[in-house]
Amino acid sequence: MGMNTHDLLLIKLETQEANNNYQILKSEFEKIAGVISVTASSNIPAVSGTGSINLGIGEREIVRYNYISIDTNFPETFGIGMVDGNSLTRNHGSGFLLNKSAVEELGLKNPIGESITLYSGENGNLTPSSTGVVVGVLNDFSYRPNYDSSKGAIFNVNPADFNAMFVQISPADQPKTILELEKTGKDLFDDMPLSIHYLNEEIENDFFIQKLYKIRNLILVTSIFSFLIALSGLLGISILTIRKRVKEIGIRKVNGASSEKVLVLVNGKLLKTVLVSVLISFPVSIGIGHIIKSNQTNGIALSFLDYSIVFITIVTIIAVTVSWQSWRAATRNPVEALRYE
């Protein structure tokens, strides 16, 4: 991955309060005996995506490019080597780092000292928000998930963008160190609970999502075929049921039963079974979706309405499929039905 993730703890800065108090937490955590280093970033390496920003280099055309905000000691904490130049300082906005891929993608022969301007706003209405120069070039590392083909990125120090905090701890007596970190965090901010776990656990949890992403097309095709096979089975059951009850339908029609009543009679049991299966699968699907989302840092949460639309669509398709043959039988001339067979 181009970086060292061993003995690194992850603390997500999920609220504005947590972000605002990063420096306080860092200062207090560094006083704990088992803590080696504390740093932060706007993304979780090898797990979450990056932000993007409008970037201008010298007189070149402004481009949209991957951007990550990091603390000054981020490269050292993760064991990411410098190819050229120096690391960043706390002088916000004045210095930028590029990784090797960014140097190649942006076509920079001598990147150190190149002027950098970051722009805010939409295309056509861009205003400079930060300026500085390239002070160093980092080795490439897996700053994005493996399924993401992006390689180049620009880095600088902007604490307001920090979303994740990383604590490097000594291999000795790690459970004790973690307890001290939790206690320190609670003593400082009792109303701001911190979730502390190993970074490698986060990466391993996301690995399953990455595997699913790689075979997403296979999953989609398999799901469509499974659904079509299920529909074919329901259609076959519906046709078989109607053939067995053709004369019954004719007699009921002769005795005054309406087409709607016949339709309910023929389809009622089958549609009830389908509805029960849908009601069972509804909470199961929501639960599975929640589990997958909880293992992702930047996943998109589906609302109850999203699930409802999907299930209503499925039930409608099934109802139409099952009712098609039934409606033909229910609207058929009863004399023809009584002549059947």
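The paragraphs below set out a description of the structure included in this document. (Residues numbered from 1 in each chain as written. Predicted model: local features only at pLDDT ≥ 70, side-chain atom pairs only at ≥ 80, totals over all residues. Heavy atoms only, no water.)

## Re the pattern of salt bridges
- Applying the stated criterion across every chain yields a total of 5 salt bridges.
- Linking Lys183 and Asp187 is a salt bridge whose minimum nitrogen-to-oxygen distance equals 2.9 Å. Residue Lys183 and its partner Asp187 are located together in helix H5 (residues 174-188), separated by 4 residues, close to a single helical turn.
- Under the relative-accessibility criterion, Lys183 is labelled exposed at 53%. (Salt bridge = Lys/Arg side-chain N within 4 Å of Asp/Glu carboxyl O. Helix = DSSP H or I, 4+ residues; strand = E, 2+ residues; numbered from the N terminus. Buried < 20%, exposed > 50% of the residue type's maximum accessible area, 1.4 Å probe, protein only.)

## Quick notes on the environment of Gly185
- Secondary-structure assignment places Gly185 in helix H5.
- Since its relative accessible area comes to 4%, Gly185 is described here as buried.
- Considering only alpha carbons, one finds Gly185 and Ile24, 161 residues apart in sequence, at a separation of 9.9 Å.
- Leaving out residues up to four positions away in the same chain, Gly185 has contacts with Phe29 and Leu194. (Contact = heavy atoms within 4.5 Å.)

## Considering the sheet that holds strand S2 (residues 35-41)
- Taken in spatial order, the 4 strands of this open sheet run S2-S10-S1-S11, and their pairing is antiparallel. Because the sheet does not close on itself, it has two edges, and the strands there are S2 and strand S11 (196-198). With strand direction ignored, the average angle separating the axes of adjacent strands in the sheet is 25°.
- With 6 bridges connecting them, S2 and strand S10 (residues 164-169) associate as antiparallel partners. Counterpart to Thr39 in the pairing with S10 is Phe166.
- Relative to S2, helix H2 (residues 22-29) is tilted by about 165°, and along the sheet it contacts strand S1 (8-12), S2 and S10. (Pairing = 2+ DSSP bridges. Axes fitted to C-alpha atoms, helices over the stretch in contact; angles between N-to-C directions.)

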